[in-house]
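# Architecture at a glance
Spelled out from the first residue to the last, the chains are:
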Amino acid sequence: MTEQKPILLCMGNPLLDICVVDDGTLLKKYEELVKSYKPDYIAGGAAQNVARGAQYMLQPKSVVYFGCVGNDQFSEQMRKAAHNSGLIVDYLVTDEYPTGTCAVIITDKNRSLVANLSAAQHYKDSLHIDLNEKWEIVKNIKFYYITGFFFSSSFSSMLKVAKHAAETNKVFSFNLSAAFICLDPQMKKYLNEIVSYCDIIFGNEAEAEAFATSENWETKDLRGIALKMANLPKTNKSRSRVVVITHGSEPTIVAKQDDYNINEYPIIPAKAEEIVDTNGAGDSFVGGFLSQYVQGKTIGECVNAGHWLANINIKRVGPTFPEEKIPYPS
């Protein structure tokens, strides 16, 4: 039996999510998270969540993840958590900074986060992606996904992957990640440069509106924003850009370059009593979407898969998926 070759590379800021459920008292003393509780360890950070989501719906070892971690127990916990999900992690390990962590305290259905990016924001091209063996991994993969959060970590490595995708007619997908990334002057400079290489752009309604504001479009109509984003100048003209905007419980909006037929796809509804935690829904959606996109499915099929995985995720604590895989009814 031939071993599965990776088909999707995700890059981002790896954070070990240390997740506990609490009655409210721990919010005042979160430093006791590891000492006094038995936390769940999740290989987190937005891009790694997407990588795990896509991997959940693909054959083992279909997805590779790049990011920077410290040489400590937390990176070992994260590596173990990622490995258990079938994900291939190829971390740059540094002795200079500790592994990035995110303390997650869930009280009722509310989530409190205390993040420390640390090593995650110190990814160095010269120590990782520029090495021949790492660049070979990049070259042998046809689909890429990087988030806006990575701008502050290693925009240069992000740009290398984006340019490689454009030059070789591969697919570069990108997530706006947060409204502030669209509005911060330095981040916006990076955003303007990377957008021309994007074959797929993901974002939620707040991020889409912030992007429109940054472009002085003076509109909050998500359909119109999606269409304008789709038709921004593009480097690789062999592929039409696709823009996907999620909107909570509202239908997901999809616009395509040079196509004025904007499509909307209803989500899979969940009862209020079923919803445990919605924080990982966006990343789960993208993971589900990409899991089908890399298999050549239609955009509609990709969106439906994203909705399916997000629906599973919101019924669980954190950006996690059932240990026993639920077969996707494709």
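Here's a quick rundown of the structure. Note that the structure is a prediction, hence the values are computed from the model and not measured. (Residues numbered from 1 in each chain as written. Predicted model: local features only at pLDDT ≥ 70, side-chain atom pairs only at ≥ 80, totals over all residues. Heavy atoms only, no water.)

### Quick look at the side chain of asparagine 49
- Structurally, asparagine 49 is set in helix α2 (residues 46-56).
- When residues no more than four places from it in sequence are discounted, the contact partners of asparagine 49 are Ala43, Gly44, Asp283 and Pro319. (Helix = DSSP H or I, 4+ residues; strand = E, 2+ residues; numbered from the N terminus. Contact = heavy atoms within 4.5 Å.)

### Structural notes on the nonpolar core
- In this structure, Phe172 and Ile194 are the most contacted members of the largest nonpolar core, which totals 52 residues.
- A total of eight residues in this core trace back to one element, the largest contributor, which is helix α5 (residues 151-167).
- If we skip the residues at most four places from it in the chain, phenylalanine 172 touches Tyr144, Ile146, Met158, Val161, Ala162, Ala165, Ile194, Tyr197, Cys198, Asp199 and Ile200.
- The next biggest cluster of nonpolar side chains, apart from the first, holds 38 residues, and it includes Leu8, Ile18, Phe143 and Phe289. (Core = buried A, V, L, I, M, F, W, Y, C linked by side-chain atoms within 4.5 Å. Buried < 20%, exposed > 50% of the residue type's maximum accessible area, 1.4 Å probe, protein only.)

### Thoughts on the sheet that holds strand β13 (residues 259-265)
- Pairing within the open sheet is mixed, and its nine strands lie in the order β5-β4-β1-β8-β9-β10-β11-β12-β13. Each of the sheet's edge strands pairs with one partner strand only, and the pair in question is β5 (88-94) and β13. Within the sheet, the average angular offset between the axes of one strand and its neighbour, ignoring direction, is 20°.
- Judged from the five bridges that link them, strand β11 (residues 242-247) and strand β12 (residues 250-256) form a sheet pairing that is antiparallel. Residue valine 244 lies in a different strand from β12, and its bridge partner there is valine 254.
- Helix α4 (residues 132-139) contacts β1 (8-11), β4 (63-70), β5 and β8 (143-147) of the sheet and is inclined by roughly 145° relative to β4.
- Packed on one face of the sheet, helix α9 (residues 222-230) meets β10 (200-204), β11, β12 and β13 and runs near 30° to β12. (Pairing = 2+ DSSP bridges. Axes fitted to C-alpha atoms, helices over the stretch in contact; angles between N-to-C directions.)

### Some thoughts on the pattern of salt bridges
- This structure, assessed with the given rule, holds eight salt bridges.
- With a shortest N-O distance of 3.0 Å, lysine 160 and aspartate 125 are connected by a salt bridge. Of this pair, lysine 160 sits in helix α5 while aspartate 125 sits in the loop between β7 (110-116) and α4, placing them 35 residues apart in sequence.
- Lysine 160 gets classed as partly exposed once you look at its relative accessible area, which sits at 31%.
- Between aspartate 199 and lysine 234 there is a salt bridge, with the nearest N and O atoms lying 2.6 Å from each other. Separated by 35 residues along the polypeptide, aspartate 199 in the loop between α7 (185-195) and β10 and lysine 234 in the loop between α9 and β11 bring together distant segments of the chain.
- Note on lysine 234: relative accessible area 6%, which makes it buried.
- Taken together, the shared-partner salt bridges connect Asp90, Glu133 and Lys134 into one network. (Salt bridge = Lys/Arg side-chain N within 4 Å of Asp/Glu carboxyl O.)

### Structural notes on the pairing of β1
- Residues Leu8 and Cys10 of β1 are buried on one face, and the alternating residues Leu9 and Met11, pointing to the opposite face, are buried as well.
- Here four bridges tie β1 to β4, and the two strands are oriented parallel to one another. Bridge assignment links cysteine 10 to a residue of β4, and that residue is tyrosine 65.
- The pairing of β1 with β8 spans four bridges and is classified as parallel. Bridge pairing links methionine 11 to isoleucine 146 in β8.

### Concerning the pairing of β12
- The hairpin formed by β11 and β12 contains two residues between the paired strands, and glycine 248 there has a positive phi angle of roughly 60°.
- Bridge analysis of β12 against β13 gives four bridges, and the strand direction is antiparallel. Residue isoleucine 253 lies in a different strand from β13, and its bridge partner there is glutamate 264.
- Count of turn residues in the β12/β13 antiparallel hairpin: two residues, of which aspartate 258 carries a positive phi of about 60°.

### A word on helix α3 (residues 73-84)
- Taking 1.5 Å of rise per residue, 12 residues should cover 16 Å, and α3 covers 17 Å from first to last C-alpha, within 8% of that figure.
- Looking at α3, one finds that the buried residues are Ser75, Met78, Ala81 and Ala82. The arc enclosing the buried residues of α3, seen along the axis, measures out at 125°, which places them on a common side. Opposite the packed face of α3, turned more than 90 degrees from it, sit the exposed residues Gln73, Lys80, His83 and Asn84.
- Between the side-chain oxygen at the start of α3 and the backbone nitrogen of phenylalanine 74 there is a gap of 3.2 Å, and the oxygen is on aspartate 72. (Expected span 1.5 Å × (residues − 1). Arc of directions from axis to C-beta. Polar contact = N/O pair within 3.5 Å; in protein donor to acceptor, adjacent residues only side chain to side chain.)

### Focus on unusual backbone geometry
- The backbone phi angle of serine 118 is positive, close to 45°, even though this residue is not glycine.
- Within the element layout of this structure, serine 118 appears in the loop between β7 and α4.
- By relative accessible area, serine 118 is classed as buried at 11%.
- Positive phi is not limited to glycine here, since aspartate 258 has a value of about 60°.

### Notes on the packing of α2 against helix α10 (residues 281-293)
- Where α2 contacts α10, the two axes come as close as 7 Å, and the packing angle between them is 45°. Put simply, α2 runs oblique to α10. Like other packed secondary-structure pairs, α2 and α10 cross with a definite hand, here right-handed. In this structure, α2 contributes Ala46, Asn49, Val50, Gly53 and Ala54 to the contact, and α10 contributes Asp283, Val286, Gly287, Leu290 and Ser291.
- Of the residues assigned to the contact of α2 with α10, the class counts are five nonpolar, four polar and one charged. (Parallel < 35°, antiparallel > 145°, perpendicular 65-115°, else oblique. Left-handed = near helix turned anticlockwise from the far one by under 90°. Nonpolar A, V, L, I, M, F, W, Y, C, P; charged D, E, K, R; others polar.)

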